[in-house]
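Residue-level listing of the chains:
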Amino acid sequence: MKQLENLPYAYNALEPYIDEQTMRLHHDKHHQTYFDKFLAAIENYPELKNENVKEILRHLNKIPSEIKTAVVNHGGGYYNHNFFWTILKKDVKFEGEISKEILKKWGSFDKFKEEFKNNALGVFGSGWTWLVLDKNELKIVKTANQDSVISLNMIPLLTIDVWEHAYYLKYQNKRMDYVEAFFNVINWKKVNEYYLEVRKNDKNK
Ligand SMILES: [Fe+2]
């Protein structure tokens, strides 16, 4: 039986910016539930059971209509959180190729941060803010609920979960403080790796 992957670091690894209790609930309850419901949705579809969730989200047009909503919501929730955990780490310097590209596009780190923060604050209700490559262009975009940029043909490089479950215990209604704190736990090394991977694949085309 397939199982949800463990968090790739300790629950308290992001303290004090993201607290241990939030990480426990977020991974062990919320993420686990998306995973379980996603598996339940595709249970009777062998061709989907053998497919990677990323590929499933990339080709939503192939999903039978009776399970499509469940796949978007729970498959999206499963994949988005998998990705989110990987780009979180404390005390990682903003450097590498991706930092140069961000500075080229936004002019300064502060400008980039401002647009990213405003985007995250502008998500109405629940959703995600992303830094993506969209046809080779860096962009900051938002998605509602558990919609994933993967389904929009974009390549995710960085994301923040702005569902209340991601911050409410520590920050209550102060999403701004959570988003500000998030900037202390961005794993720029990983973001850079994602960026270089795309560039490498471009060269091999
Ligand atoms: Fe979440």
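The structure under discussion appears in the preceding block.
Because the structure is predicted, anything quoted here is derived from the model rather than measured. (Residues numbered from 1 in each chain as written. Predicted model: local features only at pLDDT ≥ 70, side-chain atom pairs only at ≥ 80, totals over all residues.)

Asker: Hey, could you run me through the overall build of the protein in this one?
Answerer: If you tally the helices and strands in the protein, you get nine helices and three strands. Tracing the protein from N to C terminus, the helices and strands come up as α-α-α-α-α-α-β-β-β-α-α-α. Relative to the compact-globule value of 17 Å for 205 residues, the protein shows a C-alpha radius of gyration of 17 Å, a close match. Dimensions of the protein, computed from the C-alpha atoms along their principal axes, are close to 50 × 45 × 30 Å. Counting over 205 residues, the protein shows a buried share of 29%. Long-range pairs, those at least 24 residues apart, make up 67% of the contacts in the protein between residues at least 6 apart in sequence. (Helix = DSSP H or I, 4+ residues; strand = E, 2+ residues; numbered from the N terminus. Rg over C-alpha atoms; globule rule 2.2 N^0.38 Å. Buried ≥ 20, exposed ≤ 12 C-beta atoms within 10 Å, placed from the backbone. Contact = placed C-beta atoms within 7 Å.)

Asker: So what exactly am I meant to see when it comes to the environment of T33 here?
Answerer: Structurally, the position occupied by T33 is in helix α1 (residues 20-42). Judged by local crowding, T33 falls into the partly exposed class, with 14 C-beta atoms found within 10 Å. C-alpha of T33 to C-alpha of F182: the two residues are 149 residues apart in sequence and 24 Å apart in space.

Asker: Explain helix α8 (residues 175-182) here, please?
Answerer: Side chains three or four residues apart in an α-helix point the same way, a direct result of the helix having 3.6 residues per turn. All of the buried residues along α8 are Y178, V179 and F182. Down the axis, α8 shows its buried residues gathered within 95° of arc, on one side only. Residues of α8 that are buried make contact with α6 (109-121), β3 (155-161) and α7 (168-171). (Arc of directions from axis to C-beta.)

Asker: I would appreciate a short explanation of the environment of E97 in the present structure.
Answerer: Take E97: it is sitting in helix α5 (residues 97-106). Separated by 49 residues in sequence, E97 and L48 have C-alpha atoms that sit 36 Å apart. If sequence neighbours within four positions are ignored, E97 has contacts with N192, Y195 and L196.

Asker: For this particular structure, what's the right way to read the sheet that holds strand β1 (residues 127-134)?
Answerer: The strands making up a sheet are joined through hydrogen bonds of the backbone, oriented either antiparallel or parallel. Pairing in this open sheet of three strands is antiparallel, and the strands run β2-β1-β3 from one edge to the other. Every interior strand has two partners, whereas the edge strands, β2 (137-144) and β3, have only one. Between one strand axis and the next, the sheet turns by 20° as a mean value, whatever way the strands run. One ladder, built from six bridges, connects β1 with β3; its direction is antiparallel. In the strand pairing of β3, L131 is matched with L158. (Pairing = 2+ DSSP bridges. Axes fitted to C-alpha atoms, helices over the stretch in contact; angles between N-to-C directions.)

Asker: Please clarify how the packing of α5 against α6 should be interpreted in this entry.
Answerer: Following both chains from N to C, one finds α5 and α6 inclined at 80°, their axes separated by 8 Å at the closest point. With respect to α6, the element α5 is oriented roughly perpendicular. Contacts between α5 and α6 involve I102, L103 and W106 from the former and F109, K111, F112 and E115 from the latter. (Parallel < 35°, antiparallel > 145°, perpendicular 65-115°, else oblique.)

Asker: Looking at this model, I keep getting lost on helix α4 (residues 65-86). Mind explaining?
Answerer: A rise of 1.5 Å per residue sets the reference length of α4, with its 22 residues, at 32 Å; its end C-alpha atoms lie 31 Å apart and thus fit the reference within 8%. When the local axis directions of α4 are compared, the greatest deviation, roughly 40°, occurs at V71. Looking at α4, one finds that the buried residues are V71, V72, H74, G75, G76, G77, Y78, Y79, N80, H81 and F83. Where α4 is buried, its residues touch α1, α3 (53-58), β1 and β3. (Expected span 1.5 Å × (residues − 1). Bend = angle between axes of the 7 residues up to and from the residue.)

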